[in-house]
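Summary of structural features
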Amino acid sequence: MSELWELTAHEAQDGLRAKEFSSVELTESVLTRVDAVEDRVNAYITRTDEVAREQAREADARFAAGTATPLTGIPFAVKDLIVTKGVRTTAGSRMLGDFVPPYDSHVYEQLKRAGAVMVGKANMDEFAMGSSTEHSAYGVTRNPWDTDRVPGGSSGGSAAAVAAGECIAALGSDTGGSIRQPAALCGVVGLDPTYGRVSRFGIIAFGSSLDQVGPIGRDVEDVATILDGIGSHDPRDSTSDPAPRPDMRHYLGRDVAGKKIGVPREYFIDGMDDGVRTRIDEALRHLESLGCEVDTDLSLPMTEHALAVYYLIAPSEASSNLARYDGVKYGLSERGGSMWENMEQTREQGFGDEVKRRIMLGVYALSAGYYDQFYLKAQKVRTLITNEFREAFTRYDVLVTPTTPGVAFPVGDKLDDPYAMYLNDIYTLPSAVAGLPALSLPCGLSEGLPVGLQIIGDVGAEGTILQIGHAFEGALDEANRLAPL
């Protein structure tokens, strides 16, 4: 029998319902695994062992009472920008090193209501600004497939924890690729939902028109189940979509024959690793073998502008959101000779280099004389990108692309080259700018490291991308391939 920490969430749920083991036993297995490997991975900023044990006991009581849900008793990692009452929430920054929230985020309320178990708060790039989890004030997270390499970012701790067996599933957040990119590099499954599908209430903000919480799991079924658990409407978030939410698991197992798949030429660029291209070509043939109609003659010419659009809009929104960290109301407070020196010292000591870089980009883009030239123009191009996707979805059910242009790169390799770092998100940015749902799932290995396949859907089409992803996963048998740590 496998170790309990090796199970997927639905396998664990089956075992719990069959009384093969208890939630306490499952949780202790995961905590033992964390003890064994965390010093090599650094997936967590804050461990919550006692919280987990108490929640596991409560979960077992729910099973005994017949009130368990599909997430009851499942050990989770929760990205450390998701507010958790009474548990330190840092957003990976010194600025919030001592912040203990007095309330819960909507998504954590949903996890608790479902009876899930929180193992800890996962490491991340500071304020979600990064693609490698090297920009954390709490140390670098390592990729469990090769601890000399990065796990991706900014949800690198969440993805690495799932891949290393330090949790069964996790929550991350995605602003421009921060769920999908680390999921790809760590060989797990990650979903960025439609903007507005999951409440942002209690999420420490980066780019408010882009931020979205989503699930990371070991297979597509787990991701679908988690989305069902966290995706309810929340009136506290003005962008939360009030439309009814169908059960995502009902889409799994359906025939995908006849589904039309578009493959945009612009995603196959110079600089893509040969091994990634080979795995994606093989994946497209697998989809054809399932009866999907694959068209590789699609062009989305606005795609090339998504990187510039994102790096004007997201830093602009970040410069506004992070203005609240002034050393007065909450968070770090450094003392100077005056109010202005106090604020200057607080921000100098509290923010890391990447956060400062993006704040400066945003302030510049919003400044008088440049607003129309940069921020306003970026919003107009964003509309063009969105319209181009909308037109494509009149002809195709989904679009399929690589998730990243390469596999996980060595720690420190791109730390001094921001532009090279930003290019790691070049395939995930366009759908994020358009607010579309997108799934990353494993499609094999290159150089012994995972490669991710991205499936992009129209607004509200999570069911379709999960349906196709589940069928592909079954055909390729890539589900729950744990990292060889």
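Summarised in this report is the structure supplied together with it. Computed from a predicted structure; not experimentally measured. (Residues numbered from 1 in each chain as written. Predicted model: local features only at pLDDT ≥ 70, side-chain atom pairs only at ≥ 80, totals over all residues. Heavy atoms only, no water.)

1. A look at the overall build of the chain
A tally of helices and strands in the chain yields 15 helices and 11 strands. Taken against the 2.2 N^0.38 rule, which gives 23 Å for 485 residues, the C-alpha radius of gyration of the chain at 21 Å falls within 12% of a compact globule. Dimensions of the chain, computed from the C-alpha atoms along their principal axes, are close to 65 × 55 × 45 Å. Across the 485 residues of the chain, 60% fall into the buried class. Taking as baseline every contact in the chain between residues at least 6 positions apart, the subset at least 24 positions apart corresponds to 76%. Put simply, the chain shows about 17,600 Å² of open surface, and 50% of that area lies on carbon and sulfur atoms. Distance between charge centroids for the chain: 4 Å, based on 45 positive and 70 negative side chains. (Helix = DSSP H or I, 4+ residues; strand = E, 2+ residues; numbered from the N terminus. Rg over C-alpha atoms; globule rule 2.2 N^0.38 Å. Buried < 20%, exposed > 50% of the residue type's maximum accessible area, 1.4 Å probe, protein only. Contact = heavy atoms within 4.5 Å. Areas by Shrake-Rupley, 256 points an atom, 1.4 Å probe, with all protein chains shown as cover. Lys, Arg positive; Asp, Glu negative; His and termini not counted. Charge placed at Lys NZ, Arg CZ, Asp CG, Glu CD.)

2. Some remarks on the pairing of strand S5 (residues 189-192)
Working note: regular strand, side chains alternate between the two faces of the sheet. Covered by surrounding structure in S5 are Val189 and Leu191 together with Gly190 and Asp192, the residues of both alternating faces. Direction of pairing for S5 relative to strand S10 (residues 438-446): antiparallel, over a ladder of 3 bridges. Bridging across to S10, Asp192 finds its partner in Ala438. (Pairing = 2+ DSSP bridges.)

3. Description of helix H3 (residues 49-65)
Taking 1.5 Å per residue as the helical rise, H3 with its 17 residues ought to reach 24 Å, and the 24 Å between its terminal C-alpha atoms agrees with that figure. Taken together, the buried residues of H3 touch helix H1 (9-17), helix H2 (23-41), strand S1 (44-47), helix H4 (106-114) and strand S3 (117-122). Just downstream of H3 lies Gly66, where phi reads positive at about 75 degrees. (Expected span 1.5 Å × (residues − 1).)

4. Quick look at the packing of aromatic side chains
A full pass over the atoms with the stated rule returns 11 aromatic pairs. Ring centres 5.2 Å apart and planes at 50 degrees place the aromatic pair Phe127 and Tyr325 in the tilted group. Of this pair, Phe127 sits in the loop between S3 and helix H5 (156-164) while Tyr325 sits in the loop between helix H9 (306-321) and helix H10 (339-350), placing them 198 residues apart in sequence. What makes Tyr325 buried here is its relative accessible area of 3%. (Phe/Tyr/Trp six-rings, centres within 6.5 Å; stacked < 30°, edge-to-face > 60°.)

5. Topic: the packing of H9 against helix H12 (residues 372-392)
The angle between the axes and the distance between the axes are what describe a pair of packed helices. Viewed as axis vectors pointing N to C, H9 and H12 meet at an angle of 125 degrees, and their least axial separation amounts to 9 Å. Here H12 runs oblique to H9, going by the angle between their axes. The two elements H9 and H12 meet at a crossing, and its hand is left-handed. When H9 is examined against H12, the residues Ala306, Val309, Leu312, Ile313, Ser316 and Glu317 are found in contact with a partner set consisting of Phe374, Tyr375, Ala378, Gln379, Val381, Arg382 and Ile385. Along the lines of polarity and charge, the residues of the contact of H9 with H12 split into 9 nonpolar, 2 polar and 2 charged. (Axes fitted to C-alpha atoms, helices over the stretch in contact; angles between N-to-C directions. Parallel < 35°, antiparallel > 145°, perpendicular 65-115°, else oblique. Left-handed = near helix turned anticlockwise from the far one by under 90°. Nonpolar A, V, L, I, M, F, W, Y, C, P; charged D, E, K, R; others polar.)

6. Observations regarding the pattern of salt bridges
Scanning all chains against the criterion turns up 22 salt bridges. One salt bridge connects Arg57 with Glu54, and the closest N-O pair in it is separated by 2.8 Å. Linking Arg57 with Glu54, this pair stays in helix H3, spanning 3 residues, or about one helical turn. With relative accessibility at 35%, the residue Glu54 sits in the partly exposed group. The partner of Lys112 in a salt bridge is Asp104, and the shortest N-O contact between them spans 2.6 Å. Under the relative-accessibility criterion, Asp104 is labelled buried at 9%. The network of salt bridges with shared partners includes Glu28, Glu50 and Arg53. (Salt bridge = Lys/Arg side-chain N within 4 Å of Asp/Glu carboxyl O.)

7. Some details on the sheet that holds S3
The strand order across the open sheet formed by 11 strands is S1-S3-S2-S4-S6-S5-S10-S11-S9-S7-S8, and the pairing between neighbours is mixed. Each edge of the sheet is formed by a strand with only one pairing partner; in this case those strands are S1 and strand S8 (293-298). Taking each pair of neighbouring strands and ignoring which way they run, the sheet shows an average axis angle of 30 degrees. Judged from the 5 bridges that link them, strand S2 (residues 75-79) and S3 form a sheet pairing that is parallel. Bridge pairing in S3 links Lys79 to Ala122.

8. A word on the environment of Asp397
If you trace the backbone, Asp397 turns up in the loop between H12 and strand S9 (398-402). Classification of Asp397 as partly exposed rests on a relative accessible area of 30%. C-alpha separation for the pair Asp397 and Gly262, spaced 135 residues apart in sequence, amounts to 7.9 Å. The residues touching Asp397, leaving out its near neighbours within four places in the chain, are Gly258, Lys259, Lys260 and Thr464. Reaching out from Asp397, the side chain makes a polar contact with the backbone nitrogen of Lys260 at a distance of 2.7 Å. (Polar contact = N/O pair within 3.5 Å; in protein donor to acceptor, adjacent residues only side chain to side chain.)

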